Amino acid sequence: ETFILKRQGKIPQDLFASLRVHMMKPSEFDNFRALESGKPLNLQNELQVFREVMLTCQKSLQAFPTSVKEDDELLLKPGGLERRAAYAILYRRGEKLVYIEAMHAISEMWNRFLFAGNSL
């Protein structure tokens, strides 16, 4: 299944549901029905889900040849850039911001889960 991350750190709820099932241990399969409510299975499973999303975002960011800061410097380069190059950099920068905002959202969601007992 494909999940789309958007700006403002909106993480699809279905992504968490799928990852909770994917991260289940065989010994937890008897508790599968507990996931129908959309609530976390247990602390260990939820930690694995959050960690997987965070690591995926980090790996995606590392795959880019430049950072957001470097993109900003390129865009502000004296003399400017060709239009195509500028648009390509803006697009790449936007993708990076989606991952960064998703990582911030994941951190906030994890804190809410730990301190308020609510993951989403």
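Use the structure listed above.
The following paragraphs examine the structure supplied in this document.

**Section: the side chain of Asp71**
(1) Moving on: Position of Asp71 among the secondary structure elements: in helix 3 (residues 68–75).
(2) Moving on: Asp71 gets classed as buried once you look at its relative accessible area, which sits at 0%.
(3) Moving on: Leaving out residues up to four positions away in the same chain, Asp71 has contacts with Thr66, Ile89, Arg92, Arg93 and Lys96.

**Some words on helix 2 (residues 43–62)**
Because an α-helix packs 3.6 residues into every turn, residues spaced three or four apart end up facing the same way.
(1) Moving on: The first and last C-alpha atoms of helix 2 sit 28 Å apart over 20 residues, in line with the 28 Å expected at 1.5 Å per residue.
(2) Moving on: All of the buried residues along helix 2 are Asn45, Glu46, Val49, Phe50, Val53, Met54, Cys57 and Ser60.
(3) Moving on: Buried residues along helix 2 sit in contact with helix 1 (13–22) and helix 4 (83–116).

**What to know about the packing of aromatic side chains**
(1) Moving on: Overall, the coordinates contain three aromatic pairs when judged by the stated rule.
(2) Moving on: Aromatic pair Trp110 and Phe113: ring centres 5.5 Å apart, planes at 35°, arrangement tilted. You can see Trp110 and its partner Phe113 sitting in helix 4, three residues apart, about one turn around the helix.
(3) Moving on: Note on Phe113: relative accessible area 12%, which makes it buried.
(4) Moving on: Joined through ring pairs, the aromatic side chains of Phe16, Phe50, Trp110 and Phe113 make up one cluster.

**Description of the packing of helix 3 against helix 4**
(1) Moving on: Direction vectors running N to C along helix 3 and helix 4 enclose 155°, while the axes themselves pass 10 Å from each other. With respect to helix 4, the element helix 3 is oriented roughly antiparallel. In this structure, the crossing between helix 3 and helix 4 has a hand that is left-handed. Here Val68, Asp71, Asp72, Leu74 and Leu75 of helix 3 come into contact with helix 4, specifically with Ala86, Ile89, Leu90, Arg92, Arg93, Lys96, Leu97 and Ile100.
(2) Moving on: Residue composition of the contact of helix 3 with helix 4, grouped by class: eight nonpolar, no polar and five charged.

Here is what the cut-offs are and how they apply
Residues numbered from 1 in each chain as written. Predicted model: local features only at pLDDT ≥ 70, side-chain atom pairs only at ≥ 80, totals over all residues. Heavy atoms only, no water. Helix = DSSP H or I, 4+ residues; strand = E, 2+ residues; numbered from the N terminus. Buried < 20%, exposed > 50% of the residue type's maximum accessible area, 1.4 Å probe, protein only. Contact = heavy atoms within 4.5 Å. Expected span 1.5 Å × (residues − 1). Phe/Tyr/Trp six-rings, centres within 6.5 Å; stacked < 30°, edge-to-face > 60°. Axes fitted to C-alpha atoms, helices over the stretch in contact; angles between N-to-C directions. Parallel < 35°, antiparallel > 145°, perpendicular 65-115°, else oblique. Left-handed = near helix turned anticlockwise from the far one by under 90°. Nonpolar A, V, L, I, M, F, W, Y, C, P; charged D, E, K, R; others polar.

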